[in-house]
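Take a look at the letters that make up each chain.
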Amino acid sequence: MNSVGEACTDLKRDYDQCFNRWFAEKFLKGDRSGDPCTETFRKYQLCVQKAIKEKDIPVDGVEFMGPNKDKPES
Amino acid sequence: MKIWSTEHAFSYPWETVIKAAMRKYPNPMNPNVVGVDVLDRSLDSEGRLHSHRLLSTEWGLPGIVRAILGTNHTQTYVKELSIVDPSQKKMELCSSNITLTNLISVDERLVYRPHPQNPEVTVLTQEAIITVKGVSLGSYLEGMMVRSMSANARKGWDAIEWIIQNSERERSSL
């Protein structure tokens, strides 16, 4: 699966592999030991945030519909 | 505004379904989802995992349709928030489109829980609120969207099953 930023796809893949392993083998089994993926996540995030800005994707300022909330127009 | 809801049972235990749900894309049933990114992820004080994700979808809209919609972008984007509670065995996802919001809002909520009587079965309850804005055939279009959501929901369930079966195939060939 690709990233929204084409240049970030490899970093995303590294992070996803780390996360999926931790999620299945630790998190779901109740193991509360530390998250081993923070470094790969950080590198991946730097790339993604840059791509989002470049593509002008409106990720901020949208609240999720809750029982009392209304989504702002954009 | 139209509200749609449905329920589906997977013949797999909760952990199996959740692992598949977290890795749902790519899959052959949802070819329009072309990108998935994690924007943020954290554990809260109760040990629940919160994830913020961005999904990029490509519908292959012809140029003239894009001109009518007033958009230069070929991709639409969806923001998804999920919470996985491993001790309560509950996964909740909320998603909302963040582009074309001046025309349409599709807000979806999915909850995966074990079947109350059978731990080998997982129940997915799904609901959506669809609002088409500022168009005179709004109500008619909303009705069409609801029918489309039912077809898409079925694809979503097939996608989860496909991911589960693919993982089982991978494991047995090791």
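Residues numbered from 1 in each chain as written. Chains lettered and ligands numbered in written order. Predicted model: local features only at pLDDT ≥ 70, side-chain atom pairs only at ≥ 80, totals over all residues. Heavy atoms only, no water.

Going by an unreviewed UniProt entry, chain B carries the name PRELI domain containing 3A and comes from Nothobranchius furzeri.

The name an unreviewed UniProt entry gives chain A is TP53 regulated inhibitor of apoptosis 1, with Nothobranchius furzeri as the organism. Taken from UniProt, the Sequence similarities (unreviewed entry) comment for chain A reads in full: "Belongs to the TRIAP1/MDM35 family." The record in UniProt for chain A states the following under Catalytic activity (unreviewed entry): "a 1,2-diacyl-sn-glycero-3-phosphate(in) = a 1,2-diacyl-sn-glycero-3-phosphate(out)". (UniProt positions renumbered as here; feature names shortened; annotations may be inferred.)

(A) Quick look at the interface of chain B and chain A. Across the contact, 41 residues belong to chain B and 31 residues belong to chain A. Of the roughly 3000 Å² buried where chain B meets chain A, counting both sides, 65% is carbon and sulfur surface. In terms of surface lost to chain A, no three residues of chain B exceed Asp37(B), Leu39(B) and Ile98(B), which account for 17% of the buried area on that side. Scanning the region where chain B abuts chain A turns up nine residue pairs in polar contact (both at pLDDT 80 or more). Of all the secondary structure elements, the ones that give two or more residues to the side of chain B that touches chain A are helix H1 (14–22), strand E2 (33–43), strand E3 (49–58), strand E4 (75–85), strand E5 (90–97) and strand E6 (104–114) of chain B. (Contact = heavy atoms within 4.5 Å. Buried area = accessible area lost by both parts, 1.4 Å probe. Polar contact = N/O pair within 3.5 Å; in protein donor to acceptor, adjacent residues only side chain to side chain. Helix = DSSP H or I, 4+ residues; strand = E, 2+ residues; numbered from the N terminus.)

(B) View of the packing of H1(B) against helix H3 (residues 138–172) of chain B. Residues and elements named next belong to chain B. One way to put it is that H1 packs onto H3 with a least axis distance of 9 Å and a crossing angle of 105°. By the angle class used here, H1 and H3 are roughly perpendicular. Within the contact between the two elements, H1 uses Thr16, Val17, Ala20 and Ala21 and H3 uses Ile160, Ile163 and Ile164. Of the residues contributing to the contact of H1 with H3, the split by class is six nonpolar, one polar and no charged. (Axes fitted to C-alpha atoms, helices over the stretch in contact; angles between N-to-C directions. Parallel < 35°, antiparallel > 145°, perpendicular 65-115°, else oblique. Nonpolar A, V, L, I, M, F, W, Y, C, P; charged D, E, K, R; others polar.)

(C) Structural detail: the pairing of E3(B). Residues and elements named next belong to chain B. Taken across its 10 residues, E3 has seven buried, putting it largely inside the fold. Across 10 bridges, the pairing between E3 and E4 is antiparallel. Paired with His52 across the strands is Leu81, a residue of E4. (Buried < 20%, exposed > 50% of the residue type's maximum accessible area, 1.4 Å probe, protein only. Pairing = 2+ DSSP bridges.)

(D) Structural context of the environment of Lys50(A). Residues and elements named next belong to chain A. Mapping Lys50 onto the fold places it in helix H2 (residues 38–55). By relative accessible area, Lys50 is classed as exposed at 55%. Taking C-alpha positions, Lys50 is 13 Å from Leu11, a pair spaced 39 residues apart along the chain.

(E) Just the pattern of salt bridges, in detail. Residues and elements named next belong to chain B. Per the counting criterion, the structure on display carries 11 salt bridges over all chains. The closest approach of N and O atoms between Arg48 and Asp44, which form a salt bridge, is 2.7 Å. Given a relative accessible area of 24%, Arg48 falls into the partly exposed group. Salt bridges sharing partners connect three or more residues here, namely Lys90, Glu92, Arg109 and Glu127. (Salt bridge = Lys/Arg side-chain N within 4 Å of Asp/Glu carboxyl O.)

(F) Representation of the state of the cysteines in the model. Residue and element names in this part refer to chain A. Counted by the stated rule, this structure contains two disulfides over all chains. Each sulfur in the disulfide pair Cys8 and Cys47 lies 2.1 Å from the other. Judged by the sign of its S-S torsion, about -85°, the cystine formed by Cys8 and Cys47 is left-handed. Residue Cys8 is located in the segment before helix H1 (9–25), and its partner Cys47 is located in helix H2; the two are separated by 39 residues in the primary sequence. With a relative accessible area of 1%, Cys8 lands in the buried category. (Disulfide = S-S within 2.5 Å.)

(G) Inspection of the nonpolar core at higher detail. In terms of nonpolar packing, the biggest core is built from 50 residues, with Phe23(A), Leu54(B), Val84(B), Met91(B) and Tyr112(B) touching the most fellow members. A per-element tally of this core places H3(B) first, with seven residues. Sequence-distant contacts of Phe23(A), defined by excluding residues within four places in its chain, comprise Leu28(A), Ile18(B), Lys19(B), Met22(B), Leu49(B) and Val84(B). Counting residues in each nonpolar core, the second largest holds five residues, with Tyr25(B), Val36(B), Leu55(B) and Val78(B) among its members. (Core = buried A, V, L, I, M, F, W, Y, C linked by side-chain atoms within 4.5 Å.)

(H) Highlighting the sheet that holds strand E1 (residues 2–10) of chain B. The seven strands are arranged E1-E7-E6-E5-E4-E3-E2 (chain B) in an open sheet whose pairing can be described as antiparallel. Among the strands making up the open sheet, the edge pair consists of E1 and E2 of chain B. Strand after strand, the sheet turns through a mean of 15° between neighbouring axes, direction not considered. The strands that H2(A) touches are E2, E3 and E4 of chain B; relative to E2(B), the one it contacts most, it runs at about 125°. The strands touched by H3(B) are E1, E6 and strand E7 (122–132) of chain B; relative to E1(B), the strand with the most contacts, the crossing angle is about 15°.

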